[in-house]
Amino acid sequence: FYLPQYHAIPENDEWWGEGFTEWTNVKKSEPLYKNHNQPRVPLKENYYNLLDENVQEWQSNLAQQYGIEAFCYYHYWFNGKKLLEKPLENMLTNKNVTIPFCFCWANEPWTRAWDGKTKDVLMPQEYGHKEEWKHHIEYLLKFFKDERYIKINNKPVFVIYRLSSINNSRQMLELWEEELKKHGFDGIYLISMLTSFDNSKANNDLVSALVEFEPMFTVRHELPLAKQGVRVIKKKFNKKINAPFTLDRLDYGYVWKKIINRQSLQKIYNKKTYLGAFVGWDNSPRKNRNALIMENMDKEIFRESLGIQLDKSIELENDFLFINAWNEWAEGTYLEPDTINKYDFLEIIKNELIKRKLLKKD
């Protein structure tokens with residue numbers, strides 16, 4: 001997964017102040033307790049601007065060098081209103097960005113989540129009707145037709161973050177199928193995400209596959225009720241006394257253990273289900289003391305767990321393994337090199353792929 005929030009846009013200037021990007025919160029983050037790894041600093045202080053075409057070329061080359069085969073770009077569309085679209089449109093015309101890609105429609109309302117105020121809606125998410133749906137698919141077509149866009153059985157791969165939020169999703173998807181067939185495709189390969197929300201409506205006969213969005217799917221659905229209860233109490237207590245020991249803190253290895261020991265959801269949902277992985281988690285740059293922080297991040301745990309997920313994916317004959325994320329710096333889950341870990345997580349991925357002969361040695 002790839003976040004395009006690394007350039008200024010008029011809306012963010014208005015909502016947050018001139019020049020706001022993802023780096024704004026990353027830079028101003030402070031440690032909340034002893035040995036808290038904040039702020040995170042990119043290697044060589046590479047606070048890049050995604051409107052610089054050289055940056056996307058660098059990201060593409062770096063990712064592929066270490067075996068990352070594609071980016072799943074977040075796509076922001078609000079009933080015709082676009083946000084953060086410029087890097088993706090620039091990528092479309094820059095053929096030096098060679099990495100294959102697909103889109104994930106982050107179909108949530110735009111809120112003040114950047115500072116933890118998720119109930120303060122800045123731009124509501126509305127879906128419209130046939131005319132608006134057609135306008136959306138017409139915009140996406142120029143990406144779908146690109147030779148780098150990922151297709152399965154001549155169907156563009158398209159991920160939707162929260163399908164259950166779209167009341168008329170069946171009619172919308174049926175219209176999209178019709179429109180795509182007019183342009184030489186055989187339909188759409190829709191992947192529905194299993195997230196921290198209620199996923200009861202995330203699966204239907206028009207969904208081609210599911211993806212486990214980690215770590216939030218596991219944190220929300222797989223932790224014991226007692227631990228969930230303690231987390232809720234701590235959050236409420238924290239708002240009253242603002243004390244660091246009430247922070248929502250989970251053990252990195254514990255969460256990974258829950259992920260790799262889970263029963264196959266493919267059998268439960270009776271649907272192709274792509275597995276997920278995550279690098280780390282600390283969203284305190286966005287949410288401060290309301291953050292979720294996973295402590296004791298361990299590269300060996302990441303290596304072992306990633307290897308298990310890769311082996312399971314091979315056994316399931318899955319096309320993809322989704323990693324959260326390439327560059328979610330303000331959530332503390334990124335593969336891009338920083339001043340502490342440098343290229344270590346990328347090296348782990350490369351070596352695990354080579355070990356399974358999914359990547360050739362240099």
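These numbers were taken from a predicted model, which means no experiment stands behind them.

A. Region of the structure containing the pattern of salt bridges. Evaluation of the coordinates by the stated rule reveals 24 salt bridges. Between Arg286 and Glu22 there is a salt bridge, and its shortest N-O distance comes to 3.2 Å. One end of the pair, Arg286, is in helix α11 (residues 284–287); the other, Glu22, is in helix α2 (residues 22–28), and 264 residues separate them in sequence. Per residue, the accessibility class of Arg286 equals that of Glu22, and both read buried. Of the charged contacts in the structure, one is a salt bridge between Arg356 and Asp311, with a shortest N-O distance of 2.6 Å. A residue pair is termed long-range when its members are at least 10 positions apart, and Arg356 in the segment after α13 (344–355) and Asp311 in helix α12 (residues 299–315) qualify at 45 residues. In this structure, a network of salt bridges that share partners links the residues Glu300, Arg303, Glu304, Asp311, Glu352, Lys355 and Arg356.

B. Representation of the packing of α12 against α13 in the model. The interhelical angle for the contact between α12 and α13, taken along N-to-C directions, is 35 degrees, at an axis separation of 10 Å. Considering only the axes of α12 and α13, their crossing is right-handed. Residue-level contacts link Lys299, Phe302, Arg303, Leu306, Gly307 and Leu310 of α12 to Asp344, Phe345, Ile348, Ile349, Glu352, Leu353 and Lys355 of α13. Taken together, the residues of the contact of α12 with α13 sort by class into seven nonpolar, one polar and five charged.

C. Spatial organisation of the packing of aromatic side chains. The final tally for this structure, using the stated rule, is 38 aromatic pairs. Residues Trp105 and Tyr127 carry aromatic rings whose centres are separated by 5.7 Å and whose planes lie at 75 degrees to one another, so their mutual orientation is edge-to-face. Of this pair, Trp105 sits in strand β3 (residues 101–105) while Tyr127 sits in the loop between β5 (117–123) and α5 (130–144); the two residues are 22 residues apart in sequence, bridging distant segments of the chain. Judged by relative accessible area, Trp105 falls into the buried class, the value being 2%. Ring centres of Tyr274 and Phe322 lie 6.2 Å apart, and the angle between their planes is 50 degrees; on these two criteria the pair is classed as tilted. Residue Tyr274 is found in strand β11 (residues 273–278), and its partner Phe322 is found in strand β13 (residues 321–324); the two are separated by 48 residues along the sequence. Of the two residues examined, Tyr274 and Phe322, each falls in the buried class. Between the NZ or CZ atom of Lys27 and the centre of the ring of Tyr47, over which it lies, the distance is 4.4 Å. We note Lys350 situated over the ring of Tyr66; from NZ or CZ to the ring centre the distance is 5.5 Å.

D. The arrangement of the environment of Ser208 in detail. Inspection of the secondary structure puts Ser208 in the loop between β8 (189–194) and β9 (209–212). A residue is classified by how much of its surface remains accessible, and Ser208, at 22% relative accessible area, is partly exposed. For the pair Ser208 and Thr273, spaced 65 residues apart in the sequence, the C-alpha separation amounts to 9.2 Å. In this structure, Ser208 is in contact with Ile188, Tyr189, Leu190, Lys271 and Lys272, ignoring residues within four places of it in sequence.

E. Representation of helix α3 (residues 53–65) in the model. Between the first and last C-alpha of α3 there are 19 Å, a value that for 13 residues agrees with the 18 Å anticipated at 1.5 Å per step. Taken residue by residue, α3 has Val55, Gln56, Glu57, Gln59, Ser60, Leu62 and Ala63 as its buried positions. Buried residues along α3 sit in contact with β1 (71–78), α4 (86–93), β14 (327–328) and α13. Positive backbone phi, at 95 degrees, marks Gly67, one or two positions downstream of α3.

Definitions and cut-offs
- Residues numbered from 1 in each chain as written.
- Predicted model: local features only at pLDDT ≥ 70, side-chain atom pairs only at ≥ 80, totals over all residues.
- Heavy atoms only, no water.
- Salt bridge = Lys/Arg side-chain N within 4 Å of Asp/Glu carboxyl O.
- Helix = DSSP H or I, 4+ residues; strand = E, 2+ residues; numbered from the N terminus.
- Buried < 20%, exposed > 50% of the residue type's maximum accessible area, 1.4 Å probe, protein only.
- Axes fitted to C-alpha atoms, helices over the stretch in contact; angles between N-to-C directions.
- Left-handed = near helix turned anticlockwise from the far one by under 90°.
- Contact = heavy atoms within 4.5 Å.
- Nonpolar A, V, L, I, M, F, W, Y, C, P; charged D, E, K, R; others polar.
- Phe/Tyr/Trp six-rings, centres within 6.5 Å; stacked < 30°, edge-to-face > 60°.
- Lys NZ or Arg CZ within 6 Å of the ring centre and 35° of its normal.
- Expected span 1.5 Å × (residues − 1).

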